[in-house]
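The primary structure of each chain is shown beneath.
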Amino acid sequence: MKKFFALLMVLCMALSLCACGTSKESSDSDFKVGFIMYHDENSTYDLNFINAAKAAAAELGLSDDQIIIKTNIEENDDCYNTACDLVDAGCDIIFADSFGHEPYMIEAAKKFPEVQFCHSTGVNAHLEGLDNYQNAFASIYEGRYLAGVAAGMKLNEMIENGTITADQAKMGYVGAYTYAEVVSGYTSFFLGARSVCPSVTMEVTFTGEWYNEALEKEGATKLINNGCVLISQHADSMGAPTACETAGVPNVSYNGSTISVAPNTFIVSSRIDWTPYYVYAITCAMEGKDIDTDWTGSIATGSVLLTEFNTNACAAGTEEKVAEVQAALEAGTIHVFDTSTFTVGGETITSYLADETVELVTDGYFHESEYISAPSFAWDEIDGITLLDRVY
């Protein structure tokens, strides 16, 4: 009889362990991830996020019914309501991709403390102090700088060929808003170009929208008519690249290749690959681990990338030069915002306090995306850059 009860206890324990294993497997298969996108696949910006979401799901082995992607979600209560809908649909972690989504994501995080909310490009996670709300970005200013080097190489080629003179090396830039993210981007692009083409200047115009093909095309056309011989942008449609292709003006795009509409003028594009962050944050949520309040991806994490160079448009030796500069960035021998390489009103920058407490100018350069993940470069018009308008 004792042997019978002993065997019975062993059997019960085995069944219990099997049940636990089944429960864990079921829990993993029930795990859901929600994504809130400002626009849809027609926006190069949102397409970049959508592709990353799908890549992360594939890497983690998530099935199609475990990810929910909501597109064309405005930066208003629509975002909050969509977040609530995703919670109701069983999502354990929810991501949003646009700067203006932040206040609505914070509101949702406060309402649903059991769900993780992760916001790309936001700035307030470190101030909110919520266990379930985080910001993320990447050192895309380094990618912009490298793309600028490619632009500078093209300008040098145009000067050497006699297409332009050195004092005609004026670039144009189509921005969305005068936000730090945009300012950091066009400034780093300009500094990259000037590192190889010292005579370059740049004009910047703004559309006041993240995605508006007509306005972006109009902005690029205005800059070309102003004498800009190369165009780049922080804008999400094919508007600017199309204008460049029509005018035969070289173009450096953002968030992905635009060679499909500009086969003769597209040079290269920088972009953030959000896949590493999505994999990291989802894995943390699945394992019940804390997610970094401010996560910053880099070239080293595979988060900052350049597309393939278009040999129809880029100058000879561009790939080699960009590789050389990238190696120096990774080694720390070059800093994008080295304060010896730019001035504001003729003065060298010596100090900037983030949140009025943290000094970001030390060791001779501005420490972008180190205190918080989002860009915070504060000077929208360094010497050599002229803003044609401002849109906040």
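A. Structural detail: the overall build of the protein. Looking only at helices and strands, the protein has eleven helices and 17 strands in total. Viewed in the frame of its principal axes, the protein has a C-alpha envelope of about 100 × 45 × 40 Å. Here the protein, with 392 residues, has 53% of them falling under the buried criterion. A separation threshold of at least 6 residues defines the contact pool for the protein, and within that pool the share at least 24 residues apart is 67%. Of the accessible surface of the protein, which amounts to about 16600 Å², a share of 51% is contributed by carbon and sulfur atoms. A distance of 7 Å separates the average location of the 18 positive side-chain charges in the protein from that of its 56 negative side-chain charges.

B. Region of the structure containing the pairing of strand 9 (residues 251-254). Burial along strand 9 is two-sided: N251 and S253 and V252 and Y254, pointing in opposite directions, are all buried. As paired elements, strand 8 (residues 230-233) and strand 9 share two bridges and run parallel to each other. Bridging across to strand 9, I231 finds its partner in N251. Once the chain exits strand 8 it traverses helix 9 (residues 239-247) before rejoining the sheet at strand 9, and the crossover so formed is right-handed. Pairing of strand 9 with strand 10 (residues 266-272), which is carried by three bridges, proceeds in the parallel orientation. Bridge pairing in strand 10 links Y254 to S270.

C. Molecular detail of the sheet that holds strand 1 (residues 33-36). Ordered by their spatial adjacency, six strands build an open sheet running 2-1-3-4-5-11, and the pairing between neighbours is parallel. The open sheet terminates on both sides in strands that have one partner only, identified here as strand 2 (67-70) and strand 11 (294-297). Across this sheet, the average inter-strand angle for adjacent strands is 20 degrees, counted without regard to direction. Relative to strand 3 (residues 93-96), strand 1 runs parallel, the two sharing four bridges. Across the sheet, G34 pairs through a bridge with I94, a residue of strand 3.

D. Empty space enclosed by the protein, seen in detail. Inspection of every chain in the model, using the stated rule, returns three cavities of 30 Å³ or more. Along its surface, the largest cavity is lined by Y38, Y45, D97, S98, F99, T121, E181, W210, H234 and D236. Volume-wise, the second largest cavity comes out at about 50 Å³. Ranked by residue count, the leading element in the lining of the second largest cavity is helix 2 (residues 44-60), at three residues. Of the residues assigned to the lining of the second largest cavity, the class counts are six nonpolar, three polar and one charged.

E. Examining the packing of aromatic side chains more closely. For the structure shown, the criterion picks out 28 aromatic pairs. Look at Y177 and Y179: their rings are 4.8 Å apart centre to centre, the planes differ by 10 degrees, and that puts the pair in the stacked class. Aromatic side chains Y277 and Y280 sit 6.2 Å apart centroid to centroid with 40 degrees between the ring planes, which places their arrangement in the tilted category. One end of the pair, Y277, and the other, Y280, are both in helix 10 (residues 275-287), three residues apart, so they sit about a helical turn from each other.

F. A look at the state of the cysteines. What the rule picks out here adds up to zero disulfides. Its sulfur unpaired, C84 is 9.6 Å from the next cysteine sulfur, which belongs to C79. With no disulfide partner, C197 has as its closest neighbouring cysteine sulfur the one in C228, 13 Å distant.

G. Representation of the confidence of the model for the protein within the structure. Looking at the protein as a whole, the pLDDT averages 92, with 93% of positions reaching at least 70. Predicted confidence is poor over residues 1-27, with pLDDT under 50, and the contacts of this stretch with residues over four places away or in other chains come to zero contacts.

H. Just the nonpolar core, in detail. Within the largest apolar cluster, 90 residues are counted, with the highest numbers of intra-cluster contacts made by I93, F95, L155, M171, Y186, Y277 and Y278. By residue number, the principal contributor to this core is helix 6 (residues 140-160), which donates eleven residues. Contact partners of Y278, with chain neighbours within four places excluded, come to F35, M37, F49, A52, A53, A56 and F95.

I. Looking closely at the environment of A285. Within the secondary structure layout, A285 lies in helix 10. On the basis of relative accessibility, which here comes to 19%, the residue A285 falls in the buried class. In the structure, A285 is positioned 192 residues away from I93 in sequence and 6.9 Å away in space, judged by C-alpha atoms. Residues in contact with A285, not counting those within four places in the same chain, are F31 and I93.

J. Molecular detail of the packing of helix 8 (residues 213-225) against helix 9. As a packed pair, helix 8 and helix 9 sit with axes 7 Å apart at the nearest point and diverge in direction by 40 degrees. In terms of axis orientation, helix 8 runs oblique to helix 9. Helix 9 is crossed by helix 8, and the crossing has right-handed handedness. Contacts between helix 8 and helix 9 pair E213, E216, K217, A220, T221 and I224 from the former with G239, A240, T242, A243, C244 and A247 from the latter.

K. Just helix 4 (residues 102-111), in detail. Residues of helix 4 that are buried: E102, Y104, M105, I106, A108 and A109. Where helix 4 is buried, its residues meet strand 1, helix 3 (77-88), strand 3, strand 4 (116-120), helix 5 (125-128) and strand 5 (133-138).

L. Here's a closer look at unusual backbone geometry. Phi at E356 takes a positive value of approximately 60 degrees, unusual for a residue other than glycine. Its place among the elements puts E356 in the loop between strand 13 (353-354) and strand 14 (358-359). According to the relative accessible area criterion, E356 is exposed, its value standing at 72%.

Quick notes on the rules
- Residues numbered from 1 in each chain as written.
- Predicted model: local features only at pLDDT ≥ 70, side-chain atom pairs only at ≥ 80, totals over all residues.
- Heavy atoms only, no water.
- Helix = DSSP H or I, 4+ residues; strand = E, 2+ residues; numbered from the N terminus.
- Buried < 20%, exposed > 50% of the residue type's maximum accessible area, 1.4 Å probe, protein only.
- Contact = heavy atoms within 4.5 Å.
- Areas by Shrake-Rupley, 256 points an atom, 1.4 Å probe, with all protein chains shown as cover.
- Lys, Arg positive; Asp, Glu negative; His and termini not counted.
- Charge placed at Lys NZ, Arg CZ, Asp CG, Glu CD.
- Pairing = 2+ DSSP bridges.
- Right-handed = clockwise from strand over helix to strand, strands pointing away.
- Axes fitted to C-alpha atoms, helices over the stretch in contact; angles between N-to-C directions.
- 1 Å grid on protein atoms, 1.4 Å probe; cavity = no way out; pocket = protein on both sides within 12 Å on 5 of 7 lines; lining within 4 Å.
- Points joined across faces, edges and corners; volume = space filled by probe spheres on them.
- Nonpolar A, V, L, I, M, F, W, Y, C, P; charged D, E, K, R; others polar.
- Phe/Tyr/Trp six-rings, centres within 6.5 Å; stacked < 30°, edge-to-face > 60°.
- Disulfide = S-S within 2.5 Å.
- pLDDT = per-residue confidence, 0-100.
- Core = buried A, V, L, I, M, F, W, Y, C linked by side-chain atoms within 4.5 Å.
- Parallel < 35°, antiparallel > 145°, perpendicular 65-115°, else oblique.
- Left-handed = near helix turned anticlockwise from the far one by under 90°.

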